[in-house]
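Observations on the three-dimensional arrangement
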Amino acid sequence: MRSMTVPASVPARVPVRTRFAPSPTGYMHIGGMRTALFVWLWARHNHGTFILRIDDTDQQRNVEAALAPIFRAFRWLGLNWDEGPEVGGAFGPYFQSQRTHLYTAAVEKLIVEGKAFRDYETPEQVAVDRAATEASKQTYLNVRRSLDLSAAQREELDAAGRPFVVRFLVPRDQKVAIDDAVRGHVEWDGALMPDPVIMRSNGSVLYNFATVVDDAHMQITHVIRAEEHLTNTAVQALLHQALGNTLPVFAHIPFITAPGSTKKLSKRDVEKLRNSPQLKKMFDRADEVFPQLGLGNSTTLNPVMVEYYERLGYLPAGILNGLSRLGWSLDDKTEILSLDTVIENFTLDRIVKAPAGYDTEKLQSYQQHWMNQLPLEQKVAGCVPFLQQAKLIPEEVDADVKAHVGRVIAAMADRLKVFSDVLDFKEFFVSDDAMTFDEKAFQQRIRGAEEAPGLLRLLRAELATVEPFDASTLDAFVHRFVETQGIKIGQIVHALRIATTGRAQGIGLFDALSILGRDHCLTRIDRALAACGT
RNA sequence: GCCCCCAUCAUCUAGAGGCCCAGGAUACAGGAUUCUCAGUCCUGAUACGCGGGUUCGAAUCCCGCUGGGGGUACCA
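Residues numbered from 1 in each chain as written. Chains lettered and ligands numbered in written order. Predicted model: local features only at pLDDT ≥ 70, side-chain atom pairs only at ≥ 80, totals over all residues. Heavy atoms only, no water.

Points about the environment of Ala-286
Positionally, Ala-286 belongs in helix α9 (residues 277–293). Residue Ala-286 is classed as buried on the basis of its relative accessible area of 0%. On a C-alpha basis, the gap between Ala-286 and Lys-264 in space is 23 Å, while along the polypeptide they are 22 residues apart. Setting aside anything within four residues of it in sequence, one finds Ala-286 in contact with Pro-291, Asn-297, Ser-298, Leu-301 and Tyr-308. (Helix = DSSP H or I, 4+ residues; strand = E, 2+ residues; numbered from the N terminus. Buried < 20%, exposed > 50% of the residue type's maximum accessible area, 1.4 Å probe, protein only. Contact = heavy atoms within 4.5 Å.)

What follows is the structure, encoded as structure tokens:
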């Protein structure tokens, strides 16, 4: 065997060019987003170029609609692309469906040079060959019968309209090796590789081939993609060699697995894992929030989709922090990372080799951190659209409404983890009549608690005259009340909270009272007392 | 079947021969604080898959095993 090896990956050339090539599936996968982020990061770290290329060789009808969520996700997270759809660039078009002339030319070139051949084998024959090798525990290699055809025979077949595919002729006496930036040296034996089909009988080209042509044409320096493509790389490296291209640097990053699983996170998996402890929370939240926003439920938007997070009011900073830490780390301590910090420190050699489990709990904690960093005005700005969408505040937000929202959010403090959490505090946005009492809590602490209604009535009378009606005054007032009555604070505080807000837990009680204002508090207490039948 | 990849706490990870009877974070448990919840602050439990080497010394290097995963398409 000749031990000719494809030249090892070239050292990084100065102008780094990376690409992400999604297919228009109608949603942006969170795992794909993580891959895209790494690709983007490497370009930004090197002050290079990040290219978005649309892999639409499937020829779907509605590419545009299927693409919208993908662009939306990139824009939401702030991952801009330097070349690609809508922004153009010198190496376009950026839709593979519009690049067929490049592919056919490359196929022609390979055929002419004897590096690819028309294969007239019928699918049935191929299946028979395959079954035979499998039975003998051998690696399947296609039988190159079409190579023995004479020119005359070939003409005859063509005249008869016999369909053919084009196969790349794998040099079976050669080994292929790459020096993967995250995996190191990986090697395959050409003798064990079947000749891959590069062009279908209908004339369209296959992914593996289109990628090679495009990566070369677009002068991609670093092919960063998920691990599942590692095996493809053998063929692609050979193809690059045959086409006379410089081999890009490959970096195969681990894929992310479904929470509590060792398998690749896929849309279908998630449906199956709907009841896993971690994901159940995510699904339940979707079912709780999305209907209020008129966005369907967890069937329409689930946690594998980037849009799920956007629509729930996660922060790009939180998602980006979480995604960055999935298979990459800065050092042994730093967990909280801004995008700028990641850009500055992102290197391929710090990418972990093992698959990373998608940890939504940890994502949550990053999100929490970044939400807490936000100044009040930004929290308000983030929450307002959710309140509007849920029709809890008017379309026109005047200064009063804004101030009211501000007070609620300030009082919520770190109870606000994602913007849509504000919807859990409806009691501050609905009319006194529309507010609902939590039945269980009401029963336990008001109707069923002997002293409660009486105490509430007493307190209500005094509440009518407390001045000023602000949190600290109310705080002092209630404590005084407790003392005078000779009761424990717990005997009145719970009843008061439930009477005025309808719920057993929430923001600080005195904040709640002062935000609601005296009139609403009194009306609500009256409602509660009436509901006791006293 | 064949080819390839991977292997540290429940999870994300640090660790590139002595700094490690393994560090951080999340989650979990207990305690403190408070009107509830959330948070915060302490405290705690939990990991180098197994077996051989190499070495004065191995989580770190080598081999084997086991386990997990990916690819094996006229899918991407």
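Details of the sheet that holds strand β4 (residues 165–168)
Whenever strands of a sheet pair, they do so through backbone hydrogen bonds, lying parallel or antiparallel. Reading across the sheet, the three strands line up as β3-β4-β7 and stay open at both edges, with antiparallel pairing between neighbours. Looking along the sheet, the strands with just one partner apiece sit at the ends: β3 (116–119) and β7 (197–199). Strand-to-strand, the axes of this sheet are offset by a mean angle of 45 degrees, without reference to chain direction. Here β3 runs beside β4; their pairing, made up of four bridges, is antiparallel. Paired with Ala-116 across the two strands is Phe-168, which belongs to β4. Contacts from helix α3 (residues 100–112) reach β3, β4 and β7 within the one sheet, and its direction differs from that of β7 by about 125 degrees. (Pairing = 2+ DSSP bridges. Axes fitted to C-alpha atoms, helices over the stretch in contact; angles between N-to-C directions.)

Focus on the nonpolar core
By size, the foremost hydrophobic cluster in this structure holds 130 residues, and its most contacted members are Met-33, Phe-74 and Tyr-309. The leading source of residues in this core is helix α1 (residues 30–45), at ten residues. Those residues within four positions of Met-33 in sequence are excluded, and the remaining contacts are Met-28, Ala-73, Phe-74, Leu-77, Leu-79, Val-306 and Leu-323. (Core = buried A, V, L, I, M, F, W, Y, C linked by side-chain atoms within 4.5 Å.)

Some remarks on the pattern of salt bridges
The full count for this structure, using the stated rule, is 32 salt bridges. Residues Arg-167 and Asp-119 are paired through a salt bridge, measuring 2.6 Å at the closest nitrogen-oxygen approach. Note that Arg-167 is positioned in strand β4 and Asp-119 in strand β3, a separation of 48 residues in sequence. Each member of the pair Arg-167 and Asp-119 is classed as buried. With a closest N to O distance of 3.1 Å, Arg-447 and Glu-439 form a salt bridge. (Salt bridge = Lys/Arg side-chain N within 4 Å of Asp/Glu carboxyl O.)

Quick look at the domain arrangement of chain A
Per the domain assignment, the segments of chain A are domain 1 (1–120 + 163–253), domain 2 (267–373), domain 3 (382–428) and domain 4 (439–532). For domain 1 and domain 3, the distance between their C-alpha centres works out to 46 Å. (Domains from an automatic or database assignment.)

Quick look at the side chain of Arg-225
Residue position: Arg-225 is located in strand β8 (residues 222–226). No salt bridge forms around the buried Arg-225; measuring N to O, its nearest opposite-charge neighbour Asp-215 is 5.2 Å away. Engagement of the side chain of Arg-225 in a polar contact is seen with the side chain of His-252, the distance being 3.1 Å. In contact with Arg-225, other than residues within four places in its own chain, are Arg-19, Thr-35, Tyr-207, Thr-211, Thr-233, Gln-236, Phe-250, Ala-251, His-252 and Ile-253. (Lys, Arg positive; Asp, Glu negative; His and termini not counted. Polar contact = N/O pair within 3.5 Å; in protein donor to acceptor, adjacent residues only side chain to side chain.)

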